[in-house]
Amino acid sequence: MNESQIQFSDRKAEIDLYQLQELLNVSAFWAKGRSIEDLGIAIDNSEPVIFVCLRDRLIGFARATSDGIYRATIWDVVIHPEYQSSGLGSKLVETVLSHPRMRSVERVYLMTTHQQGFYEKIGFQPNTTTTMVLHNLPNRAFAPPTEVQLQESLGA
């Protein structure tokens, strides 16, 4: 692999969603089968979005969501299996962390099933105190409060 041919980019408008879908299907058991439309929505609502290309081939991807100061979460870190253990994954995560939207954030979270050792080498620490999840089921709807309910909850 010629490192001069590898490019990191944060220009999310240039991501080939079909290549991203293929990369996720090959590299990420937890992201198999994501639709092109949903990938586009996730990317539109994430900042930064970093991707790695070798010539015109997408070989790495990661994205984050953040309030820019207190909390951020890194999502969907993937490197194509052919390029794993080359240092690209570490460089990808470090690129996300050094992005202006991320570098001042107090705490950065991520979820991983099997790669704790990889992230610990970068500086992440296990955190068992904040892990909770709400599965937003299609048949569950949260109705927004009415103006009267809001006023009552505020003591008005």
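Residues numbered from 1 in each chain as written. Predicted model: local features only at pLDDT ≥ 70, side-chain atom pairs only at ≥ 80, totals over all residues. Heavy atoms only, no water.

Under an unreviewed UniProt entry, the name given to the protein is GCN5-related N-acetyltransferase, and the source organism is Nostoc commune NIES-4072.

So, on to the nonpolar core. Ile74, Val77, Leu88, Leu92 and Val96 are the most contacted members of the largest nonpolar core, which totals 21 residues. Mapped by element, the contributors of at least two residues to this core are strand 2 (49-54), strand 3 (57-66), strand 4 (71-79) and helix 3 (88-98). Other than its neighbours up to four places away in sequence, Val77 contacts Trp30, Phe61, Ala62, Leu92, Val93 and Tyr119. With 14 residues, the next largest nonpolar core counts Leu20, Leu24, Ala28 and Val49 among its residues. (Core = buried A, V, L, I, M, F, W, Y, C linked by side-chain atoms within 4.5 Å. Buried < 20%, exposed > 50% of the residue type's maximum accessible area, 1.4 Å probe, protein only. Helix = DSSP H or I, 4+ residues; strand = E, 2+ residues; numbered from the N terminus. Contact = heavy atoms within 4.5 Å.)

In total, this model carries two aromatic pairs according to the counting rule given. Summarising the aromatic geometry, the rings of Phe118 and Tyr119 are spaced 4.9 Å apart at their centres and angled 80° between planes, so their arrangement reads as edge-to-face. A residue is classified by how much of its surface remains accessible, and Tyr119, at 9% relative accessible area, is buried. Judged by centre distance (5.9 Å) and plane angle (85°), the rings of Tyr119 and Phe124 are edge-to-face. Taken individually, Tyr119 and Phe124 each receive the classification buried, so the pair is uniform in this respect. The rings of Phe118, Tyr119 and Phe124 are connected pair by pair, giving a single aromatic cluster. (Phe/Tyr/Trp six-rings, centres within 6.5 Å; stacked < 30°, edge-to-face > 60°.)

Our next topic: the pairing of strand 3. The element strand 3 is largely enclosed, with a buried count of eight among its ten residues. As paired elements, strand 2 and strand 3 share six bridges and run antiparallel to each other. When the sheet's bridge partners are listed, Cys53 is paired in strand 3 with Leu58. In sequence, strand 2 turns back onto strand 3 through a hairpin of two residues, with Arg55 there showing a positive phi of about 55°. Examined bridge by bridge, strand 3 and strand 4 share six bridges and lie antiparallel to one another. Among the inter-strand pairings, Phe61 is bridged to a residue of strand 4, identified as Val78. Hairpin connection from strand 3 to strand 4: four residues lie between these consecutive antiparallel strands, with Gly68 at a positive phi of about 85°. (Pairing = 2+ DSSP bridges.)

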